[in-house]
Amino acid sequence: MLQTNMTLKNQEKIEKLLKDIVQESYEEVREEGYLLCMDCGDVDLYITAANHVELQDAIDENFELDECGDIIECKQHEQLMDDLYEYFLELHKNSGLFDFFPSGHYTVNNEQRASDTDMLAPKNQYYAPFEDAKVEK
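This text gives an overview of the structure that appears in the document. (Residues numbered from 1 in each chain as written. Predicted model: local features only at pLDDT ≥ 70, side-chain atom pairs only at ≥ 80, totals over all residues. Heavy atoms only, no water.)

## Things to note about the overall build of the protein
No. 1: Along its length, the protein carries four helices and five strands.
No. 2: Each helix (α) and strand (β) of the protein, taken in turn from the N terminus, gives the series α-β-α-α-α-β-β-β-β.
No. 3: The dimensions of the protein, computed from C-alpha atoms along their principal axes, are 60 × 25 × 25 Å.
No. 4: When each of the 137 residues of the protein is scored for burial, the buried share is 42%. (Helix = DSSP H or I, 4+ residues; strand = E, 2+ residues; numbered from the N terminus. Buried < 20%, exposed > 50% of the residue type's maximum accessible area, 1.4 Å probe, protein only.)

This is the structure:
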């Protein structure tokens, strides 16, 4: 459940858009078998929102705009984006579409390796957060 520091006029719409984006992301990486870095730009709401007009508009609906169409309450907008970003990360982890690999130590091909970042992989395609840790089919 999405929780923010402000009351949203269109919470259900924003939640649906974010869930749809997670689903689309899964479809893309499932086909190619990519890993997603949660600490990099791979799962970044700010980048996603900048490239998703419908999401931008849904977020902007919650703010008063000036005559140029810019948000007046920048601090509130920044806080909402931070709240949505946390929710976006949780959606990815808890969607059931991805396996979550927290940073830490893993054994890959009988070799100990460390991952410095949290990673996601399409469900059941990897056993560790490394390109050569694909599950044998």
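## Points about the sheet that holds strand E2 (residues 98–101)
No. 1: Spatial strand order, E1-E5-E2: three strands in an open sheet with antiparallel pairing. At either end of the open sheet lies a strand with only one pairing partner, and these are strand E1 (36–37) and E2.
No. 2: In this structure, E2 lies alongside strand E5 (residues 119–122), joined through four bridges in antiparallel fashion. By the bridge assignment for E5, Phe100 is matched with Leu120.
No. 3: Contacts from helix H1 (residues 11–32) reach E1, E2 and E5, with the element oriented near 85 degrees to E2. (Pairing = 2+ DSSP bridges. Contact = heavy atoms within 4.5 Å. Axes fitted to C-alpha atoms, helices over the stretch in contact; angles between N-to-C directions.)

## A short note on the state of the cysteines
No. 1: What the rule picks out here adds up to one disulfide.
No. 2: Cys68 takes part in no disulfide bond, and the closest cysteine sulfur, belonging to Cys74, lies 12 Å away.
No. 3: Among the residues examined, Cys68 registers a relative accessible area of 62% and is labelled exposed. (Disulfide = S-S within 2.5 Å.)

## Observations concerning the pattern of salt bridges
No. 1: Summed over all chains, the structure comprises eight salt bridges.
No. 2: Through salt bridges that share partners, Glu27, Arg30 and Glu31 make up one connected network. (Salt bridge = Lys/Arg side-chain N within 4 Å of Asp/Glu carboxyl O.)

## A word on helix H4 (residues 74–94)
No. 1: Across its 21 residues, H4 extends 30 Å between first and last C-alpha, which sits within 8% of the 30 Å expected from 1.5 Å per residue.
No. 2: By the burial criterion, the buried members of H4 are Leu80, Met81, Asp83, Leu84, Tyr85, Tyr87, Phe88, Leu89, Leu91 and His92.
No. 3: Of the residues flanking the end of H4, it is Gly96, one or two places downstream, whose phi is positive at about 85 degrees. (Expected span 1.5 Å × (residues − 1).)

## Describing the layout of surface pockets
No. 1: Its boundaries defined by the atoms lining it, the largest pocket holds a volume of some 300 Å³.
No. 2: Lining the largest pocket we find 17 residues, and of these Ile21, Ser25, Glu28, Asp42 and Thr48 sit closest to its centre.
No. 3: Broken down by secondary-structure element, the contributors of at least two residues to the lining of the largest pocket are H1, helix H2 (45–50) and H4.
No. 4: Looking at which element gives the most residues to the lining of the largest pocket, the answer is H1, with five residues.
No. 5: Its residues placed into classes, the lining of the largest pocket shows seven nonpolar, six polar and four charged. (1 Å grid on protein atoms, 1.4 Å probe; cavity = no way out; pocket = protein on both sides within 12 Å on 5 of 7 lines; lining within 4 Å. Points joined across faces, edges and corners; volume = space filled by probe spheres on them. Nonpolar A, V, L, I, M, F, W, Y, C, P; charged D, E, K, R; others polar.)

## Examining the pairing of strand E3 (residues 104–108)
No. 1: Where E3 meets strand E4 (residues 111–115), five bridges bridge the pair, whose relative direction is antiparallel. Among the inter-strand pairings, Gly104 is bridged to a residue of E4, identified as Ser115.
No. 2: Counting the residues between successive antiparallel strands, the hairpin from E3 to E4 contains two residues, one of them, Asn109, with a positive phi of roughly 50 degrees.

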